[in-house]
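A structural walkthrough
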Amino acid sequence: MRENLTIARPYAFAAFGFAVAADDSRAWSTMLESLATVTSHAEFKPLINHPRISKSQLFELLEEILGTQLNDKRANFLNALLDSGRLGLAPEIATLFERHKAAAQGVVEVQVESAYEISASEQDKIAVAVQARSGKDCKVSAEINRDLIGGAVIRVGDSVIDISLRGRLRALEQRLA
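What you are looking at is a predicted structure, and each value in this text was computed from that prediction instead of being measured. (Residues numbered from 1 in each chain as written. Predicted model: local features only at pLDDT ≥ 70, side-chain atom pairs only at ≥ 80, totals over all residues. Heavy atoms only, no water.)

Some points on the confidence of the model for the chain
Under the convention used in this document: Values of pLDDT, which run from 0 to 100, indicate the predictor's confidence residue by residue. The numbering of helices and of strands both runs from the N terminus, where a helix is a DSSP run of H or I of at least 4 residues and a strand a run of E of at least 2.
Summing up the model confidence of the chain, the mean pLDDT is 90 and the portion of residues at 70 or higher is 99%. The spread of mean pLDDT over the elements of the chain runs between strand β4 (residues 159–162), the lowest at 85, and helix α2 (residues 25–40), the highest at 95.

Quick look at the packing of α2 against helix α5 (residues 72–84)
Let me state the cut-off plainly: Axis geometry follows a simple rule: fit a line to the C-alpha atoms, using only the stretch in contact for helices, then measure angles between N-to-C directions, giving values from 0 to 180 degrees. Two helices cross in a left-handed way if the nearer one is turned anticlockwise from the farther one by less than a right angle. They cross in a right-handed way if the turn is clockwise. Should any heavy atoms of two residues lie within 4.5 Å, those residues are considered in contact.
Two elements in contact, α2 and α5, have axes whose closest approach is 11 Å; the angle formed by their N-to-C orientations is 35 degrees. Of the two elements, α2 crosses α5, and the hand of that crossing is right-handed. Counting all contacts with α2, which are made through Ala-27, Trp-28, Met-31, Leu-32 and Leu-35, the residues of α5 involved are Lys-73, Arg-74, Phe-77, Leu-78 and Leu-81.

Here we look at the packing of aromatic side chains
The test is simple: Only rings of Phe, Tyr and Trp enter the pairing, Trp through its six-membered ring, and a pair is recorded when the two centres are within 6.5 Å. The plane angle decides the type: under 30 degrees is stacked, over 60 is edge-to-face, the rest tilted. Buried residues are those whose accessible area, probed at 1.4 Å on protein chains only, stays under 20% of the maximum for their type, while exposed residues exceed 50% and partly exposed ones sit between those limits.
Scanning the entire structure with this criterion turns up three aromatic pairs. Centre to centre, the rings of Phe-18 and Trp-28 are 6.0 Å apart; their planes meet at 25 degrees, and the pair counts as stacked. With a gap of ten residues between them, Phe-18 in helix α1 (residues 2–21) and Trp-28 in helix α2 connect regions that are remote in the sequence. A residue is classified by how much of its surface remains accessible, and Trp-28, at 1% relative accessible area, is buried. Here Trp-28 and Phe-77 contribute two aromatic rings whose centre-to-centre distance is 5.5 Å and whose plane-to-plane angle is 75 degrees, an arrangement assigned as edge-to-face. Placement of the pair is Trp-28 in helix α2 and Phe-77 in helix α5, with a sequence separation of 49 residues. Phe-77 shares its class with Trp-28; the two are buried. An aromatic cluster of at least three residues, connected via ring pairs, comprises Phe-18, Trp-28 and Phe-77.

Given below as structure tokens:
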């Protein structure tokens, strides 16, 4: 997944640049989210790299699905994804686009992965701590990952703070090796 994010980064940055230049970030956001949903769909995924389906056929299909969400710039962007064979990265592009949009609005996204459910008050404490360090408003999202055993992994942009028991055990294992 990290590799996909790296490859998707310049596409998301370009899309964000087009959106800002046209003062059209909401429409771009909607289109990219729709494109991500379509390309992630189990029935559509096999079509992306199918040898018997041409890029123009895929474009026509997506043009029909996305409809009025496409204008000339967004259609050109879609063609660029098709030409470069990067249509499958649409979910990552949409995610990174939203990060650029949030950063431009002065909001930082904080993703908390923990072994157990985190209460709203704990999420608020994390938001306050990140806000104090970054000086930006925070949007905290939390998910449960039982593999962590205990603790949490906190992602703020490209920074990762691993305070999980699994992470500590791995660090100990590396020191002992």
